[in-house]
Amino acid sequence: MLGDGGSQKEALRPNFDRSIMIDFRGAKISSNSGFLLLREMDERFDIIGPMSGCLEDRRSPVHTRHSLVQMIRQRVYQIAAGYEDCNDADHLRIDPALRLALGKGHKMGASQSMLSRLENEVLGNETGLKALDAALRRSTDALLKKKDRRRLIIDVDSTEDPAHGSQERVAYNGHFGLSCFHPLFAFTSGGACLGAKLRPGNVHSADGTLPFIHPIVERYRSWFGLLWLRGDAAFASPDIYEYCEGKRGTYFVQLRANAKLYEEVSPHMARPVGRPPRSGRQVKVVDFHYQAKSWTRPRRVVCKMEWGPNQLIPDMNFIVTNSRLYRTKVVKVYNGRGDVENRIKEGKNTLRWDKTSCHRFGANCARLKMGALAYNLLHMLRRFYVMGEGVRRSIEWLIKRLIKVGARVS
């Protein structure tokens, strides 16, 4: 192997046609020229570069071949290109587009062993995780600075992260029925990742929500006129309601049905009169004030009742809110929360956020945060440069059409 990653083996010419030459010098050919686009996003908005001032490099300068920032960029760019496993670095380190994106020139990138040490020794501790959080905030700032400043909608949700080993803090979760981690995410309604937090597998879905969203609220409260929080029934907690009310925020949170709520809507259980719509489903929306035993005061609850064909008892969905919007508008706003599940699916299915296979819990936290950072870099491409599309392109589409593009470097 040459210093620039090329092979010493000579080119082959088949006997049936000597004009054909087969060259194995892979150092000149890249199948991932989109690495340069990722570096452009990173450099333009100064996302990963400032991490050099937050991390202490204890290695000997004489024996150091890759800076910490170069290795972090390599790991994040690999995840963004669909190479979530550290082992992929042993093949990608000679990719010419990646070497150009890292500023390595003709020198190879870091190997798998170096990136694994990066995750475990440099990023998998309190200092490293804070530096990754700061980089994630810088990427979010770049996305929100070009957003309409009238309103910011924060969607919080959790998901399962199955584990297949004896990693630290893996536990059995009865709701999901498997041993896993239980990460928590926050997204904007536009699809930007505001934060990601890895948690033990046996915690409740809303565990640690307030410490998680507090820095987000404090950072962006002055940026936007309105701040809305949406969550499913797992986040139906009076602590969350009181926090939003104290911060002059608005919440839209689903409530689990109970006998008292059914009693409140019982006068409205009659099916709407008139001809049903073409869909065959009839809808009625009512609102009322309700106070649970754990609440300090009554709060507004909106109920959506929906009858299908030949359905006597309607399907009911209860939403607690402090909004003054009309009740049908409240239901419409809450229904938009479903998009956060699509964003989490993109991260898990395409970028493999659930590839948390390190033994140490801190290293797995670093992997999740680097995955969220890679997602935001791709989301920047989707927001700023994919214009004129009738639909919002998926992360998988971006990787296949913009990142995994062949090129010859000359």
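To be clear, the structure that these remarks concern was listed above.
Let me sum up the structure you'll find in this document. Since the structure is predicted, the reported quantities are computational estimates derived from the model, not experimental observations.

1. Brief notes about a nonpolar patch on the surface
Thinking step 1. Judged by side-chain polarity, Leu12, Phe16, Ile20 and Ile22 come together as a nonpolar surface patch covering roughly 390 Å² of accessible area.
Thinking step 2. Counting through the fold element by element, isoleucine 22 comes out in the segment before β1 (29–30).

2. Quick notes on the packing of helix α1 (residues 35–44) against helix α2 (residues 68–80)
Thinking step 1. The N-to-C vectors of α1 and α2 enclose an angle of 120°; their axes lie 10 Å apart at closest approach. In terms of orientation, α1 lies oblique with respect to α2. Where α1 crosses over α2, the handedness of that crossing is right-handed. Every residue of α2 that contacts α1 at Phe35, Leu38, Arg39, Asp42 and Glu43 is listed here: Arg73, Tyr77, Gln78 and Ala80.

3. Focus: the sheet that holds strand β5 (residues 178–181)
Thinking step 1. Here three strands make up an open sheet; going across it, the order is β3-β5-β4 and the pairing antiparallel. Each edge of the open sheet carries a strand with a single partner, namely β3 (161–162) and β4 (171–173).

4. Focus: the nonpolar core
Thinking step 1. Judged by nonpolar contacts, the single largest core of 67 residues is most densely connected at Leu38, Ile48, Met51, Val76, Tyr77, Leu123 and Leu378.
Thinking step 2. Among the elements that take part in this core, helix α12 (residues 361–384) stands out by supplying 14 residues, more than any other.
Thinking step 3. When residues no more than four places from it in sequence are discounted, the contact partners of leucine 378 are Leu38, Ala80, Leu351, Ile395, Leu398, Ile399 and Ile403.
Thinking step 4. Of all hydrophobic cores here, the second largest spans 38 residues; its members include Phe212, Val217, Val253 and Met305.

5. Side note on the environment of cysteine 358
Thinking step 1. When you line up the elements, cysteine 358 lands in the loop between α11 (339–349) and α12.
Thinking step 2. The spacing of cysteine 358 and asparagine 120 is 238 residues in sequence and 8.3 Å in space, taken between C-alpha atoms.

6. Quick look at the side chain of threonine 140
Thinking step 1. When you line up the elements, threonine 140 lands in helix α6 (residues 126–145).
Thinking step 2. Not counting the four nearest positions on each side in its chain, threonine 140 is found in contact with Cys193, Leu194, Tyr220 and Asn376.

7. Here we look at α11
Thinking step 1. Considered for burial, the residues of α11 that qualify are Val340, Arg343, Ile344, Glu346, Gly347 and Lys348.
Thinking step 2. Buried residues along α11 sit against β2 (151–158), β6 (184–188), α12 and α13 (395–403).

8. Side note on the pairing of β5
Thinking step 1. Sheet analysis places β3 next to β5, joined by two bridges and oriented antiparallel. Along β5, the bridge assignment pairs proline 162 with cysteine 180.
Thinking step 2. Relative to β5, β4 is paired through three bridges, and the arrangement is antiparallel. Looking at the pairing, alanine 171 lines up with cysteine 180 of β5.
Thinking step 3. Here β4 folds back onto β5 in antiparallel fashion, the turn holding four residues, of which glycine 177 has a positive phi close to 70°.

9. Describing the side chain of arginine 73
Thinking step 1. Of note, arginine 73 is situated in helix α2.
Thinking step 2. Overall, the relative accessible area of 9% leaves arginine 73 in the buried class.
Thinking step 3. When near neighbours in sequence (up to four residues on either side) are disregarded, arginine 73 contacts Arg39, Asp42, Glu43, Ile48, Gly49 and Leu102.

10. Observations concerning the pattern of salt bridges
Thinking step 1. With the rule as written, the count across this model stands at 31 salt bridges.
Thinking step 2. With a shortest N-O distance of 2.9 Å, glutamate 119 and arginine 367 are connected by a salt bridge. Taken together, the residues span a long stretch of sequence, with glutamate 119 in helix α5 (residues 112–123) and arginine 367 in helix α12 at a distance of 248 residues.
Thinking step 3. Between aspartate 157 and arginine 337 there is a salt bridge, and its shortest N-O distance comes to 3.5 Å.

What counts and what doesn't
- Each chain has its residues counted from 1, running along the sequence as written.
- Selection of residues for local features in this predicted model requires a pLDDT of at least 70, selection of side-chain atom pairs for listing and counting requires 80 or more, and totals for whole chains, interfaces and linings are taken over all residues.
- Values reported for side chains reflect all heavy atoms of the structure, with hydrogen atoms and water molecules removed beforehand.
- A patch consists of residues whose relative accessible area exceeds 30% and which take part in no salt bridge; residues with like charges are grouped when within 9 Å of each other, and nonpolar side chains (Val, Leu, Ile, Met, Phe, Trp, Tyr) when within 5 Å.
- To measure how exposed things are, a 1.4 Å probe is used in the Shrake-Rupley method; for residues, cover is taken only from the protein chains shown.
- Note on definitions: salt bridges are taken to be side-chain nitrogens of Lys or Arg within 4 Å of carboxyl oxygens of Asp or Glu.
- Only DSSP runs of H or I covering at least 4 residues are called helices, and only runs of E covering at least 2 are called strands; the numbering of each starts at the N terminus.
- Convention adopted: a line fitted to C-alpha atoms gives each axis, helices being fitted over their contacting stretch, and angles between N-to-C directions are expressed from 0 to 180 degrees.
- Oblique is the label for any angle not under 35 degrees, not over 145, and not in the 65 to 115 range, which are roughly parallel, roughly antiparallel and roughly perpendicular in turn.
- Two helices cross in a left-handed way if the nearer one is turned anticlockwise from the farther one by less than a right angle. They cross in a right-handed way if the turn is clockwise.
- Any two residues whose heavy atoms approach within 4.5 Å at even a single point are treated as in contact.
- One bridge is not enough; two strands pair if DSSP finds at least two bridges between them.
- Buried residues of nine kinds, namely Ala, Val, Leu, Ile, Met, Phe, Trp, Tyr and Cys, make up a nonpolar core once their side-chain atoms join them within 4.5 Å.
- Exposure categories follow from relative accessible area, calculated using a 1.4 Å probe and restricted to protein chains: below 20% of the type maximum is buried, above 50% is exposed, and the middle band is partly exposed.

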